[in-house]
Amino acid sequence: MNIIGLMQSALYLIMNALLYPVIGVLILMVVAVLFILGSFVSEFVFRRRRRPDADWKGEELAAQVARNILAAEFEAAANHINKHIYKSGTQSRFVKHFMHDFANQILKGKVNLDIRAEKTLQQYEMMTSGQLDKTRLMIRIGPMLGLMGTLIPMGPALLALTKGDLTQMANCLIIAFGTTVSGLAVGVFAYVISMARERWYAQDVRDMEYMVDLVIRSIEYKEHNGRAEAWEPQQNIAVLPMTGR
């Protein structure tokens with residue numbers, strides 16, 4: 001029994017068995033990256049409309065929310081945030097969803113608000129990272145599958161060439177070149193989308209952190225000023241000089 005021949009036959013069977021799954025996965029990835037590209041273009045147009053006064057509006061909102069929280073008006077504070085979400089048409093969906101969840105955390109009260117807000121912020125950081133992982137995976141997998149789809153048909157193509165079957169060889173080469181182009185196209189589109197979204201989502205996380213910091217700092221500032229105002233009249237009590245008789 002020729003062991004080398006058996007090993008070659010086994011590898012040939014494995015190679016042929018992988019060809020159609022590779023082609024199928026590549027087709028699915030091409031369709032998926034086209035859907036992602038459509039949503040990317042829509043998101044790009046949406047983000048181009050970002051208002052320049054968004055930071056100033058955030059400061060006004062944080063000051064109002066802090067006043068409501070200090071007055072134990074938690075529902076009013078949450079309502080201010082929700083109204084801001086619906087009025088602002090330039091915030092990304094991640095920021096809008098975060099602001100809604102942040103309002104829900106405010107409804108639970110002031111105790112440990114900073115810890116709960118930080119926990120919510122970490123959850124959204126993981127969500128943005130998970131969204132980026134989809135295209136990051138395509139950057140890696142697309143060209144790899146394209147290379148597999150290129151090399152697998154080369155064996156049957158060379159075998160057909162030795163037999164003089166040019167039609168079979170041409171069909172194998174068409175599959176090889178088609179999978180190469182498909183894999184590279186998936187990788188290129190996924191790379192461009194990932195690069196842009198990494199910047200966008202980093203900005204979204206900064207906006208979330210900015211809003212949380214504004215609210216927490218406003219609460220601390222107003223608490224400190226409230227204590228100072230309550231203590232100030234006691235320090236400014238006029239002391240009458242002692243007069244001898």
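Draft legend 1. Representation of helix 3 (residues 74–87) in the model. Compared with the 20 Å implied by 1.5 Å per residue over 14 residues, the 20 Å span of helix 3 between its first and last C-alpha is a close match. All buried positions along helix 3 are accounted for by Ala77, Ala78, Ile81, His84 and Ile85. Each buried residue of helix 3 lies within a common arc of 120° when the element is viewed along its axis, so the set occupies one face. In helix 3, those exposed residues whose orientation departs by more than 90 degrees from the buried face are Glu75, Lys83, Tyr86 and Lys87.

Draft legend 2. How the structure looks around the side chain of Thr179. Structurally, the position occupied by Thr179 is in helix 7 (residues 166–235). A relative accessible area of 7% means that Thr179 is categorised as buried. At 3.4 Å, the side chain of Thr179 forms a polar contact with the backbone nitrogen of Thr150. Polar side-chain contacts of Thr179 include one of 2.8 Å to the backbone oxygen of Ala176. Filtering out sequence-adjacent residues up to four positions away, Thr179 remains in contact with Ile23, Leu26, Gly146, Gly149 and Thr150.

Draft legend 3. Quick look at the environment of Ile139. Within the fold, Ile139 resides in helix 5 (residues 113–151). We classify Ile139 as partly exposed; its relative accessible area is 25%. Considering only alpha carbons, one finds Ile139 and Val186, 47 residues apart in sequence, at a separation of 7.1 Å.

Basis of the calculations
Residues numbered from 1 in each chain as written. Predicted model: local features only at pLDDT ≥ 70, side-chain atom pairs only at ≥ 80, totals over all residues. Heavy atoms only, no water. Helix = DSSP H or I, 4+ residues; strand = E, 2+ residues; numbered from the N terminus. Expected span 1.5 Å × (residues − 1). Buried < 20%, exposed > 50% of the residue type's maximum accessible area, 1.4 Å probe, protein only. Arc of directions from axis to C-beta. Polar contact = N/O pair within 3.5 Å; in protein donor to acceptor, adjacent residues only side chain to side chain. Contact = heavy atoms within 4.5 Å.

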